[in-house]
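Now for the letters of each chain:
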Amino acid sequence: MISFQKNVFHLATKKTSYIIGVFHGQLLNLYFGKRLKNIPDIGDMLTVSYSRTFSPVDIRADGTEYSTADLTVEYPTFGTADFRSPAFCATYADGTAVTRFEYQGYEISEGKYSLPGLPAVYSEEGDRVSTLKIIMSDEVAGVTAELYYGVFEDYNAITRSVKFINSGENAFDITRAMSLSVDLRRADFDMVTLNGAWARERLPERAPLRIGIQQVASTRGITSHHENPFFALVDGNADETSGEAYGFNLIYSGNFVAGVHKDNYNCARAFIGINPQNFTWRLEKGECFYTPEAVAVYSDSGIGEMSRIFHRLYRERLCKGKFRDIRRPVLINNWEATYFDFNEEKIVEIAKTAAGVGIELMVLDDGWFGKRNSDNCSLGDWVEDPQKLPNGIKGLSQRIKALGMNFGLWVEPEMVSPDSDLNRSHPDWCLHIDGRKSTLGRNQLVLDLTRKDVTDYIKSVFDRLLSDGDISYIKWDMNRSMTEVGSAVGGPAAQGKVYHAYVLGLYDIMDYVTKNYPDVLFEGCSGGGARFDGGILHYFPQIWTSDDTDALERIYIQYGTSMCYPYSTMGAHVSAVPNHQVHRTTPIKMRGDVSICGQLGYELDLNKLDEKDMDSVREQVSAYKRLYDVFHTGDLYRLMVPQGNNAAVNEFLAEDKNTVIICTYVMKGSPNMPYGFVKLRALDADATYEDESGIRYTGEYLMNFGKKLSYNHDYISDITVFKKV
Ligand code: DGJ
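Residues numbered from 1 in each chain as written. Predicted model: local features only at pLDDT ≥ 70, side-chain atom pairs only at ≥ 80, totals over all residues. Heavy atoms only, no water.

Q: Please explain the overall build of the chain as it appears in this structure.
A: Secondary structure assignment for the chain yields 14 helices and 40 strands. Against the globule reference of 27 Å for 725 residues, the chain gives a C-alpha radius of gyration of 26 Å, in line with a compact fold. Across its three principal axes, the chain shows a C-alpha extent of roughly 85 × 70 × 45 Å. Taking all 725 residues of the chain together, the buried fraction comes to 62%. Taking as baseline every contact in the chain between residues at least 6 positions apart, the subset at least 24 positions apart corresponds to 69%. When the accessible surface of the chain is summed, it comes to about 26,600 Å², and 49% of that surface belongs to carbon and sulfur atoms. Taking the 76 positively charged and 96 negatively charged side chains of the chain as two groups, their mean positions are separated by 2 Å. (Helix = DSSP H or I, 4+ residues; strand = E, 2+ residues; numbered from the N terminus. Rg over C-alpha atoms; globule rule 2.2 N^0.38 Å. Buried < 20%, exposed > 50% of the residue type's maximum accessible area, 1.4 Å probe, protein only. Contact = heavy atoms within 4.5 Å. Areas by Shrake-Rupley, 256 points an atom, 1.4 Å probe, with all protein chains shown as cover. Lys, Arg positive; Asp, Glu negative; His and termini not counted. Charge placed at Lys NZ, Arg CZ, Asp CG, Glu CD.)

Given below as C-alpha cells:
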C-alpha cells in the first residue's frame, strides 16, 4: 500500500512502514521500521527542526533556515550542504560536479516496475504489490532522476532502483549511482557482512558501527568469493529471534559497494549500488541509465526473520521459470571423481551405478572439449575432444538416457584460453588494453561481453549445444577475477562503462538462453561461489555454493549463505573422503545430511563405495525426493548457529506447517557431555507431532522442553521429521 498525504509518502507492507517526506523541495527519509498505524506530521518526523552551527543552510520562504546536513535525506547528491556519502555524483560538461535534485512529482501504480536488461524481483497476478515513482530534477545540470520503489505487502520487502535521464543539452558522466540510500535515525547497530575467499565463502562477520564509512565491495568484475552484496544492520544484542534487523541486498553480479556511513549525530546512512571505482557512465542528451535493483527488509524479531523475508521473496519472486516450482533432479557430477582424466566409458560407469540408486542427472564437468587435459587451454573451443568422447556429446548423452537419466554439461562461456582456436582467430575479443600485458587468471582471459559479436557468438554456442534436446542441464562456470579491463570497441568514452556493460552483456545472454531453452536447468558457478548473488538467481534457480565440499566446512558456508539466500538455491554435493579440500573424513551420513537441504548432488565415483555406504546413498536420495518440498518451500529457523558452537541445528517448517524437519550436526563432540536441548520454533502449541518412529510430542513440549541433543562424539548428524497428526 502506498499513500501520499500532507507531503508524506507512506509505503506500507504488512509489517513495515517506509516513510518519505517532501520538505521545501527536498526529499527526506523520515522513517523505516515497524509498521505504523498513524503517520505523524512531517514536522514531528524531522531529525532536527533547526540548523546546527557550521551547517550551510537553505533559507525557507518564511526566512527560517534549514540544512540538509542535519536531516535524513532520501537520495543524497554531492556538492551541496550534505557532506555524508552521496548516492549520486556526476561530472557535467562545464567540468563541475554539483547536483541538487528538487522534487517534481510522483506516480503510484499497481504491480511492480521492471528494469530493462536487468534482473529484478517481480509481481504476479494477485500479488499485493505497488510501485511508487518519485520524479526529481536538477534544472541547472540537466538531469532527471526517477526514484522507483516496489512495495511487496505480503512479502514485507521494499525494492528500489533509480532511472537517470539526461534532460539537458550536453552529455555528462555519471560517476556514482547508488541503487539505494537510506538514512536511519539511529546508528547503534552491529553491521553483519558475508566475507571469505575461495572455498570459504560467505562467512558472517559482525562488528559495531563506528563513525565514518564501513563497506564491503568488489572490484573483481564479479561479486566475488571475498565479499557479498549483502549487509545487515542489527541491534547490538539482536540474535536469531529478537532485536531489530535491517537487511540490504543488491540484485547484481558485478562490482558493487554495500556500506554504511555513520555520522556524528547518530544517523546511519546505508547505501548499496554499483562500485564507483572505474565507473564512468557517459549519458548523452536524451539517454537514460537504470541502476540495478536493491532490496531492503526489516524485522523486529531478529536476524532469523530477516533471512526468512529474503528467502520467501527470492524463492517465489526472484527465481523464475519452470524450475522455480518443480522438484529439481538429484545429480551426479564427475569433477571430483575424475577431474580431467575421463572418457566415455568412465562416465557411463559412474552413471550406471548412480542410476541404480535413484540419481536422475549425470553432469559432465570440465575437460570434454578441445584438447583440454588441464586448465591451460581450449576455453572457447566448444567442440568435443574425440579422444575422450569418440561418439561426441550426442553418443554419450544417448547412453546416459538409456540408463533412465538425463544428461548435463559444464561450460565456461565467458572465457577464452590464450591457447585456443577462438583466441587465435579473434585476439581482440577478450577484455584487454592495447600495449599493456594482460594478467592471466587460471591461465585464461575474459571475453569482452560488451561486444555484440561476442555475445552473439556465445549465444550461437548454446544454440548448437542445446537445440537438439540432448542436454537438460548446464553448469555455467566462471573462473577468474577481471584485470586490465578495457574493450577494443567504443573508444575512450566507453572504457569507464566496461565493467557494468559486461554485466549487461552477461544478463542478455542469460536471458536469451533461459527464454529459448526453458526446459534446460541452469546452475550458476564461479570457482564455487564467487558469483552467488540475486542477479544470477533471477535467471538460474541454483548456484554451486562452494568448491569446498567438506561436510563440516559446508555447515558454516551454507549457514552464512542462508543469511540472505534460501537453501533452495544452494547446490550441495556429497563428495569422497578424505575430502579433497581439507582432507577430513566424515561419515557418508553426515555428508548427506548436510547436502540434503540444498539441491542435492553427488560428486564422487559411487563404484568406490562399499555396500553400507551405498545403502546410505540410496536412503539419502529417496529422503531428498520425499522431503524436497519442506526443505525448498518451507521456512528456515536456525535453532543453533555453528559460529561459536560445536553444533548446528536447523528447523525447516513446511508451508502448510504440517511437517517440520530438524537437522542436527555435531562438528565437535566431547565425552561425558552436559545436557543439551534445542527448542523448536513456530509450531502449533496445541497440536501433536509424531516423529518417524511413531513417538508423539505436543507442539508445546517441542517448543519449550525441546529436542534432546547428544554430542558425545564428533560428526553426529540427524534428520528428524515430525508430522502433525
Ligand atoms: C570450478 C568449479 O567450481 C568446479 O566445480 C569445477 O567445475 C571446476 N571449476 C572445473 O574447472
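Q: Hey, could you run me through the domain arrangement of the chain in this one?
A: How big an interface is tends to be expressed through the accessible area that disappears when the partners come together. According to the domain assignment, the chain contains domain 1 (2–317), domain 2 (322–544) and domain 3 (640–724). For domain 1 and domain 3, the distance between their C-alpha centres works out to 39 Å. Every contact between the two is made by five residues of domain 1 and, on the other side, four residues of domain 3. Between domain 1 and domain 3, roughly 300 Å² of surface is buried when both sides are summed, and carbon and sulfur atoms account for 48% of that area. Of all residues in domain 1, Pro204, Glu240 and Thr241 bury the most surface against domain 3, accounting for 82% of the area lost on that side. (Domains from an automatic or database assignment. Buried area = accessible area lost by both parts, 1.4 Å probe.)

Q: Even after reading the chapter, I still don't get the packing of helix H11 (residues 551–561) against helix H12 (residues 588–595), so can you show me in this structure?
A: The angle between the axes and the distance between the axes are what describe a pair of packed helices. The contact between H11 and H12 brings their axes to 9 Å, and the two run at 15°. As far as their axial angle goes, H12 and H11 are roughly parallel. For H11 against H12, the interelement crossing comes out left-handed. For the pair H11 and H12, the contacting residues are Ala551, Leu552, Arg554, Ile555 and Gln558 in the first and Met590, Arg591 and Val594 in the second. (Axes fitted to C-alpha atoms, helices over the stretch in contact; angles between N-to-C directions. Parallel < 35°, antiparallel > 145°, perpendicular 65-115°, else oblique. Left-handed = near helix turned anticlockwise from the far one by under 90°.)

Q: Looking at this model, I keep getting lost on the environment of arginine 308. Mind explaining?
A: Within the secondary structure layout, arginine 308 lies in helix H2 (residues 302–317). Residues arginine 308 and isoleucine 134, spaced 174 residues apart in sequence, show a C-alpha to C-alpha distance of 29 Å. The contact partners of arginine 308, leaving out residues within four places of it in the chain, are Asp635, Leu636 and Tyr637. Of the polar contacts made by the side chain of arginine 308, one reaches the backbone oxygen of leucine 636; its length is 3.0 Å. (Polar contact = N/O pair within 3.5 Å; in protein donor to acceptor, adjacent residues only side chain to side chain.)

Q: Is there a simple way to think about the nonpolar core in this case?
A: Soluble globular proteins tend to bury their nonpolar side chains together. In terms of nonpolar packing, the biggest core is built from 198 residues, with Phe164, Leu233, Phe248, Trp368, Tyr602 and Leu606 touching the most fellow members. The biggest single contributor to this core is helix H9 (residues 498–516), with ten residues. For leucine 606, the residues in contact, after removing those within four places along its chain, are Ile332, Thr353, Ala354, Val357, Ile359, Met614 and Val617. By size, the runner-up hydrophobic cluster in this structure holds 20 residues, among which are Ala647, Ile662, Val678 and Leu680. (Core = buried A, V, L, I, M, F, W, Y, C linked by side-chain atoms within 4.5 Å.)

Q: Can you walk me through the site of the ligand in this structure?
A: Surrounding the ligand, one finds 13 residues, the nearest of these being Asp365, Asp366, Lys475, Asp477 and Asp547. Within the side chain of tryptophan 410, a nitrogen or oxygen atom sits 3.1 Å from an oxygen atom of the ligand. Taking tryptophan 544, its side chain carries an N or O atom lying 3.4 Å from an oxygen atom of the ligand. Taken by itself the ligand offers 290 Å² of open surface, and the protein chains cover 98% of this. Of the residues that constitute the shell around the ligand, the class distribution is four nonpolar, three polar and six charged. (Near = heavy atom within 4 Å. Nonpolar A, V, L, I, M, F, W, Y, C, P; charged D, E, K, R; others polar.)

Q: Mind showing me how you'd approach the packing of aromatic side chains here?
A: Any two aromatic rings considered together are summarised by their centre-to-centre distance and by the angle between their planes. Taken as a whole and judged by the stated rule, the model has 45 aromatic pairs. The interplanar angle of 50° and the centroid separation of 5.5 Å between the aromatic rings of tryptophan 476 and phenylalanine 540 together place this pair among those described as tilted. Of the two residues, tryptophan 476 is situated in strand S28 (residues 473–476) and phenylalanine 540 in the loop between helix H10 (534–539) and strand S30 (542–544); the sequence distance between them amounts to 64 residues. Among the residues examined, phenylalanine 540 registers a relative accessible area of 1% and is labelled buried. Here a set of aromatic residues connected by ring pairs shows up, and it is made of Tyr18, Phe32, Tyr149, Phe189, Tyr246 and Tyr298. When the ring centre of tyrosine 265 is taken as reference, the NZ or CZ atom of arginine 52 above it lies at 3.5 Å. (Phe/Tyr/Trp six-rings, centres within 6.5 Å; stacked < 30°, edge-to-face > 60°. Lys NZ or Arg CZ within 6 Å of the ring centre and 35° of its normal.)

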